[in-house]
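Here are the chains, one letter per residue:
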2 protein chains.
Amino acid sequence: MEFQPTPALIASGNEKAIARAISWVENQHPKAQDLLTQLSGNSVVVGVTGPPGAGKSSLVNALVLHWSALGKKTAIVAVDPSSPFNFGSLLGDRLRMPGLFLHENVYIRSVSARGSLGGLSTAIIEIIDVLKHAPFDFIVVETVGVGQSEIEIAGIADTTVVVSVPESGDDVQTLKSGIMEIADVFVVNKSDRDGAETFANHLRQLAHSTATDSWEKPVIGTVATSGQGIQELSDSIFKHSQIATKQQRYVQLQTEKVIKLIQREQLKKIPAEEIADLIRKELLETGTCNIHRIAQYYQRNT
Amino acid sequence: MEFQPTPALIASGNEKAIARAISWVENQHPKAQDLLTQLSGNSVVVGVTGPPGAGKSSLVNALVLHWSALGKKTAIVAVDPSSPFNFGSLLGDRLRMPGLFLHENVYIRSVSARGSLGGLSTAIIEIIDVLKHAPFDFIVVETVGVGQSEIEIAGIADTTVVVSVPESGDDVQTLKSGIMEIADVFVVNKSDRDGAETFANHLRQLAHSTATDSWEKPVIGTVATSGQGIQELSDSIFKHSQIATKQQRYVQLQTEKVIKLIQREQLKKIPAEEIADLIRKELLETGTCNIHRIAQYYQRNT
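All values derive from a computational prediction rather than experimental measurement. (Residues numbered from 1 in each chain as written. Chains lettered and ligands numbered in written order. Predicted model: local features only at pLDDT ≥ 70, side-chain atom pairs only at ≥ 80, totals over all residues.)

### Concerning the overall build of chain A
Counting secondary structure elements, chain A contains 13 helices and seven strands. Every one of the 302 residues in chain A was classed for burial, and the buried ones make up 47%. Taking the contacts inside chain A whose residues are at least 6 apart along the sequence as the reference set, 75% of them involve residues at least 24 apart. (Helix = DSSP H or I, 4+ residues; strand = E, 2+ residues; numbered from the N terminus. Buried ≥ 20, exposed ≤ 12 C-beta atoms within 10 Å, placed from the backbone. Contact = placed C-beta atoms within 7 Å.)

The structure is reproduced here in C-alpha cells:
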C-alpha cells in the first residue's frame, strides 16, 4: 500500500511525509485535496524576490543560518520558473552552497513552475500549507523577480522582502514602478559597494512617502556574505509578520487564494482539446475564427 | 435611445462606433458579448514591449508614420498598467508627441489595466477584436515590459517586438532569462550609441541559437528619432506576421484566449464577498483559517 502522509506525521516533522504530501500536491493526487483540508499552522511565510544577481540566495542562506543558530526551523521553497522563463540560477546558487542541504534545521524544496495547471501560485499556496502544518517557524519562498512571479509572491507571503543592489542604476525607477507596492521590507544587498547609501536613501524617501499608520517599509543595508544587517532584517520580518495577519489586506489575500483554488478546478473542466479542434476547423474552413462565439458556447454549456 | 455601435458602422471606420464598442467591452456592457460574436478581421496585431526608457513610444510613432506614408491605417492600444503598477509614462510620452493624435491614418486608445475583471489580457483581447473589424491594417499594442504584461502581450499579438537599448548592461542577461522566448523581432533602439553593435551581435547569437526552420528572430538596429532601421523593422514585422497565423502555436494561442474568456465569466459567479466573510469569521473564531475547506465547499456548490 502506498505510503500515506497523514496530518500527524507531517506535524511531527517526518521528512518522508512532508516530501510525499508536497508530491501529492504537485501532481494533483486524488487524495491531496482531502489532506489539505485537514491542515493548519501558523509559520511565518516570508517571500524573497528581486532581480537576477541581487544575491537573493546568499541572503536567504545567511538569514536561515541566523534563525537556525537561534534554534528556529526554516523551510525554503525555491521557485524555479522554468516556463515560460528559464533561469536555472536558483539551483545553481544552491549547488555552490551545499552547506544548507545538510543542515538539520533547514528543509529545502525546489518547485518548478512548469506544468502546474492553474499557474505558479496555486501549487505554491498548497505546498506552503503543507509546510505550515510541519514544525517550521519560517517558510521562505524565493523567486526570481522577473515576470509575474514577483507579483504572485506578494499574494502568498505574510511578509515580502524585495532585494536589490546599489549598482543597478535603473533600480529606483524600476522599484518605483511596481515593486514598491509589493514590498513590505526592502533590502539593499552588497551594501559595502559604492553608491549604496545614496541608493538606500532614495528608497527610504519612497518608503516614507508611502508609509501607513501601521507600517513604514524599512530599508535595510546588508552584506549577505559577512552577515551584516541580517539581525536587523530578521527583526523587521518578524515585526511585520506580527501585524500582517491583523490587517484587512490579509482577509483579501486569503479570499484571492480561495478564488484561485476554485478557478483551478473549474479550469480542469474546460475541454481545451475540443476547443482547439473547433478553432483549427474554423480557421481551415474560413481563414478566420471568432473566439467569442466559441467562448459563449462553452459558457452556456459548462 | 443609446447609440449602437453596429458591426457595419465599425467596419466603415466610424470613430464614434469604434470608441463606443471599446467602451462597451471595457465596461462589460450587456450587449458587448453579442457584438463581439459578430466581428471578424485580419489586421496584423503587433505587440511592442521593453523596459522603461527604451524608447518604445518614439519607435511606435516612427513605425506608424512610416505605414501612414504608405497609406496604411494603424490603431495604437497603449496599455497603461496603472494597477498594480503605476508608470503613467505611456500617456506622458504621447503628450510630448501630439502629432499622432491628429493624424488621419492613426487611431490611439489608452487602456487602463485597472479594474478589468479577469486580468489585463481579457479586455485587450476584446478591444483588439473590435479594432480588427475596423479598417486598420495594423494594430499596435504597446506595453511597458515590467511585470506580467510582457508575457500576456505575447499571447495576444501575432508578432511581438521587444525593444531594448545598448547601454543597459544587464539587458542581454535579462533577455536571456525570459524575453527571448516571447520576442519574434528584436529592436536595439538608440543604436547610434556606444556598444550598440556589440550588444546587437550578442542578441544575434542568442537568436541564431534558438532559430527554428521557419523563423530566426531578426535583430534590428534603429534610431527612432531619425527613422533609421524603420523600413527594415516594418519588413520584418510583415514577414513574421505572414507566417504567424500558419503555425501550430496560433491555434494554441486562440485556445488560451477562449479559455480566458470562459474563466472570466466563471469568475463573475464566484461569491467573493461571501467567501471573505467566511474567512473573517473563521479567523476571528479560531485564529486560523483553512482555505482549502472553503474552496472545496464552493467547488461542490457552484
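What follows continues from the structure just given.
### Concerning helix 2 (residues 15-26) of chain A
An α-helical segment advances 3.6 residues per turn. Residues three or four places apart therefore align on the same side. Residue and element names in this part refer to chain A. Its 12 residues place the ends of helix 2 16 Å apart at the C-alpha level, agreeing with the 16 Å of an ideal helix rising 1.5 Å per residue. If you check which residues of helix 2 are buried, you get Ala 17, Ile 18, Arg 20, Ala 21, Ile 22, Trp 24 and Val 25. Backbone geometry just after helix 2 places Gln 28 at a positive phi near 50°. (Expected span 1.5 Å × (residues − 1).)

### Remarks on the pairing of strand 5 (residues 159-164) of chain B
All names here are of chain B. Within strand 5, six of the six residues are buried, leaving the element largely enclosed by the surrounding structure. Alternating residues of strand 5 divide into Thr 159, Val 161 and Val 163 and Thr 160, Val 162 and Ser 164, and every residue in both groups is buried. With four bridges joining them, strand 1 (residues 44-49) and strand 5 adopt parallel strand pairing. Across the sheet, Thr 49 pairs through a bridge with Val 162, a residue of strand 5. By the bridge criterion, four bridges tie strand 5 to strand 6 (residues 185-188) in an arrangement that is parallel. Residue pairing for strand 6: Val 161 is matched across the bridge by Val 185. (Pairing = 2+ DSSP bridges.)

### Looking at the domain arrangement of chain A
Under the domain assignment, chain A is made up of domain 1 (1-39), domain 2 (40-260) and domain 3 (271-301). Computed over C-alpha atoms, the centres of domain 1 of chain A and domain 3 of chain A are 39 Å apart. (Domains from an automatic or database assignment.)

### Structural notes on the confidence of the model for chain A
Residue and element names in this part refer to chain A. Per-residue confidence for chain A gives a mean pLDDT of 82, with 81% of residues at or over 70. Segment residues 82-98: pLDDT under 50, and 32 contacts once partners within four positions in sequence are set aside and those in other chains are kept. Across the predicted assembly, pTM comes out at 0.72 and ipTM at 0.77. (pLDDT = per-residue confidence, 0-100.)

### Thoughts on the environment of Val 106 of chain A
By the secondary structure assignment, Val 106 of chain A is in strand 3 (residues 106-112). Distance in space between the C-alpha atoms of Val 106 of chain A and Trp 67 of chain A is 9.7 Å, their sequence separation being 39 residues.

### Thoughts on unusual backbone geometry
Positive phi outside glycine occurs at Gln 28 of chain A, with the angle close to 50°. Following the sequence through the fold, Gln 28 of chain A ends up in the loop between helix 2 and helix 3 (32-36). Residue class for Gln 28 of chain A comes out partly exposed when judged on the 16 C-beta atoms lying within 10 Å of it. One non-glycine residue with positive phi stands out, namely Lys 190 of chain B, at about 55°.

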